[in-house]
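# Analysis of the macromolecular model
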Amino acid sequence: MTTFKPSHGVSHPVVAKAKRTMSWRQRITTAIRRFALATLAGLVLAGIVHIVTVLLIPLLSERDAATAYAALGTGGQAELVTAQTADLPAPRDADPALVTAVCSYDLSAGPMRVVARVGSLPLGLSLHRRGGGVGYAITDRAAIRGVLEFVVMTAEQLDERLARDEEGETTRELRVVSDTEQGLIVARVLAKLPSDRPDAEAMAKGVACGLAD
Amino acid sequence: MRLLTLSYIIALGAGLGLASAHYAVAERPPLGRLQVGSWTAWPRSGGRDVDPYMRAYLARGVHLPLGSGEGLELIAERDESGQALDGRCRYLITGTTPTTRGWTLNVTDADGHAFRLPLERSGFTDAEIVRDESAGIRAIAGTTPEAGNWLPLPIRGRFQFRLRLYDTPISGHASELRPESLPRIGRIDCR
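Residues numbered from 1 in each chain as written. Chains lettered and ligands numbered in written order. Predicted model: local features only at pLDDT ≥ 70, side-chain atom pairs only at ≥ 80, totals over all residues. Heavy atoms only, no water.

## Comments concerning the overall build of chain B
Operational definition: Runs of E in the DSSP output that reach at least two residues are strands. Runs of H or I that reach at least four are helices, and both are numbered from the N terminus. Residue exposure (1.4 Å probe, protein chains only): buried if accessible area is under 20% of the type maximum, exposed if over 50%, otherwise partly exposed. Note on contacts: a residue pair qualifies if any of its non-hydrogen atoms lie within 4.5 Å across the two residues. We treat Lys and Arg as the positive residues and Asp and Glu as the negative residues; His and chain ends play no part in the count. Lysine's charge is taken at NZ, arginine's at CZ, aspartate's at CG and glutamate's at CD.
Scanning chain B for helices and strands turns up two helices and 10 strands. For chain B, the succession of helices and strands along the chain, N to C, is α-β-β-α-β-β-β-β-β-β-β-β. Taking the principal axes of its C-alpha atoms as reference, chain B extends roughly 80 × 40 × 30 Å. Every one of the 191 residues in chain B was classed for burial, and the buried ones make up 48%. Taking contacts inside chain B between residues at least 6 apart in sequence as the whole, the part at least 24 apart equals 74%. The positive charge centre, built from 23 side chains, and the negative charge centre, built from 21, are 6 Å apart in chain B.

## A closer look at helix α2 (residues 52-59) of chain B
Put simply, the rule is: Definition of a polar contact: a pair of N or O atoms within 3.5 Å, with one able to donate and the other able to accept a hydrogen when the atoms are protein atoms, and with sequence-neighbouring residues admitted only if both atoms are side-chain atoms.
Taken together, the buried positions of α2 of chain B are M54, A56, Y57, L58 and A59 of chain B. Its side-chain oxygen 3.1 Å from the backbone nitrogen of Y53 of chain B, D51 of chain B forms the N-cap of α2 of chain B.

## So, the state of the cysteines
Cysteine pairs can be covalently joined through their sulfur atoms, and such a bond is termed a disulfide. Rules: We call a pair of cysteine sulfur atoms a disulfide whenever their separation is within 2.5 Å.
Enumeration over the complete set of coordinates arrives at two disulfides over all chains. Across a sulfur-sulfur distance of 1.6 Å, C103 of chain A and C209 of chain A are joined as a disulfide pair. Remark: C209 of chain A occurs in strand β9 (residues 208-211) and C103 of chain A occurs in strand β2 (residues 98-106); sequence separation between them is 106 residues. There is no split in this pair, since C103 of chain A and C209 of chain A are both buried. Between the sulfur of C89 of chain B and that of C190 of chain B lies a disulfide, 1.9 Å long from S to S. Because the torsion about its S-S bond is 95 degrees, the bridge between C89 of chain B and C190 of chain B counts as right-handed.

## A word on the sheet that holds β2 of chain A
All names here are of chain A. Stated precisely, the cut-off is as follows: DSSP bridges decide pairing: two strands pair if at least two such bridges lie between them.
Strand order in the open sheet formed by five strands is β1-β2-β8-β4-β5, and the pairing between neighbours is antiparallel. Sheet topology places β1 (79-80) and β5 (134-139) at the edges, where each strand pairs with a single neighbour. Alignment of strand β4 (residues 123-129) against β5, held across five bridges, turns out to be antiparallel. Following the sheet pairing, G124 is matched in β5 by T139.

## Regarding the domain arrangement of chain B
All names here are of chain B. Stated formally: As used throughout, domain bounds are those supplied by an automatic or database domain assignment. A pairing counts as a salt bridge when a side-chain nitrogen of Lys or Arg comes within 4 Å of a carboxyl oxygen of Asp or Glu.
We note that the domain assignment places domain 1 (1-28) and domain 2 (31-190) within chain B. Spacing between the C-alpha centres of domain 1 and domain 2 amounts to 37 Å. Taken together, the contact between domain 1 and domain 2 spans six residues of the former and nine residues of the latter. Linking domain 1 to domain 2 there are one salt bridge.

## Here's the deal with the interface of chain B and chain A
Counted only if it meets this: Here the quantity called buried area is the accessible surface, traced with a 1.4 Å probe, that two parts lose on coming together, added over both.
Taken together, the contact between chain B and chain A spans 55 residues of the former and 62 residues of the latter. Carbon and sulfur atoms supply 59% of the area buried between chain B and chain A, which totals about 4600 Å² over both sides. The interface formed by chain B and chain A holds eight salt bridges in total. With a shortest N-O distance of 3.1 Å, E70 of chain B and R188 of chain A are connected by a salt bridge. The interface formed by chain B and chain A holds 23 residue pairs in polar contact (both at pLDDT 80 or more) in total. Only α1 (2-26), α2, β5 (102-108) and β9 (160-166) of chain B provide two or more residues apiece to the side of chain B that touches chain A. Ranked by residue count, the leading element in the side of chain B that touches chain A is α1 of chain B, at 14 residues.

## Quick word on the pattern of salt bridges
By the definition in use, this model includes 24 salt bridges over all chains. One salt bridge connects D79 of chain B with R187 of chain B, and the closest N-O pair in it is separated by 3.7 Å. With a gap of 108 residues between them, D79 of chain B in the loop between β3 (71-76) and β4 (89-95) and R187 of chain B in strand β10 (residues 184-190) connect regions that are remote in the sequence. Residue classification places R187 of chain B among the partly exposed residues on the basis of a relative accessible area of 32%. The partner of D167 of chain B in a salt bridge is R101 of chain B, and the shortest N-O contact between them spans 3.3 Å. With D167 of chain B in the loop between β9 and β10 and R101 of chain B in the loop between β4 and β5, this residue pair connects regions lying 66 residues apart in the sequence. For D167 of chain B, a relative accessible area of 6% corresponds to the buried category. Take R101 of chain B: its relative accessible area is 26%, and that puts it in the partly exposed class. Put simply, D93 and D95 of chain A together with R28, E73, R162 and R164 of chain B are held in one network by salt bridges that share partners.

## Quick look at the packing of aromatic side chains
Residues and elements named next belong to chain B. Operational definition: To pair, rings of Phe, Tyr and Trp, with the six-membered ring standing in for Trp, must have centres within 6.5 Å; the planes then decide the type, stacked if under 30 degrees apart, edge-to-face if over 60, and tilted in the middle.
In the structure shown here, the tally under the stated rule is five aromatic pairs over all chains. Relative to F159, the ring of Y91 lies with its centre 5.8 Å away and its plane at 70 degrees, an arrangement referred to as edge-to-face. Taken together, the residues Y91 in strand β4 and F159 in the loop between β8 (149-152) and β9 connect sequence positions 68 residues apart. Of the residues examined, F159 reaches a relative accessible area of 2% and is grouped as buried.

## So, the sheet that holds strand β7 (residues 175-177) of chain A
Residue and element names in this part refer to chain A. Inclusion rule: Only C-alpha atoms enter the line fits that serve as axes; for helices the fit covers just the stretch in contact. Angles between N-to-C directions range over 0 to 180 degrees.
Read from one edge to the other, the open sheet built from four strands follows the order β7-β6-β3-β9, with strand pairing classed as mixed. Of all the strands in the sheet, just β7 and β9 have a single pairing partner and so form its edges. Taking the axes of each pair of neighbouring strands and ignoring which way they run, one obtains an average angle of 25 degrees across the sheet. Together, β3 (112-117), β6 (147-153) and β7 form the strand contacts of helix α3 (residues 155-164), whose direction differs from that of β7 by roughly 150 degrees.

Encoded structure:
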């Protein structure tokens, strides 16, 4: 018995030590597993945040062209963005040979009619939705008898108009659906020579945009 | 411990998610990019089927991209041998453009702005350029004046060529563009 006692006394701390190292190892593995799991969850969350952010930027941005030029062309006539008097940011990536005039629209009051008289210089009209992206583009080659004309409306307003159309009668107007209520109509005229610039400016400013009805 | 794990997940998710989103839309995204020879274009940036990254990029600044039927913008940052364009070199631009009603060729910085140079010429339109017997384009870009069509370059540093084709039938199916149908950018020599 006496021979056992010391050995027992010695073996007890060894077992405890082994137990302790076991628990340390276990603890480290659970910590690592937990860390890996948390990292994985973080990465999944990062993916969701990434997608949501990219989709939200166009909706929330206040630096886009439609916001910057919201005050231009509300009087029924397109206005030049290059006008030195207005304290407006210049469009980025703009061609110096282009003359750009803008009509901002808000379809909550009703559809808008855009009328442009074409001339000898190339003219392009495009619809830019609020929040980036071109909704529609047309050039003066589509003009009928020297006039390019279309009506911008929302999908609901198009339904209303279709319901109001006389049966069997064809409508002449070109209807363009905008999926946002606000946006810009951009008229661009290419001034091929510096001497064309006054003509190009007159053409761009001559684009009329008022309520359709 | 649980709170620590949760805050770690949220910090990682928000930080990495926002940072990667910012990085992805800070420049024109590689998604939807079309490379033809030295020229790069984003033909879908002017259509209804614009991808979300391009849309976010356009919404972050005052951008008025050309509509798909309106025209096509091509950007070159490298010459035909793949070397970055540098103001210390001279470049020869030769060739033709696809059928258009008008085109312009400009020298700009990385943001698309013209350089402030003593001479007020940053580009040519198709009406301004002087053509040779073959009716092709032949322009020399360099810091010092050249005979013929000369495009002044900044003294040093990177620049871009921007070719804009207006009212061109190719803008609807830009993926069919071939390097032969666009101007070539060859490096002549460097200082």
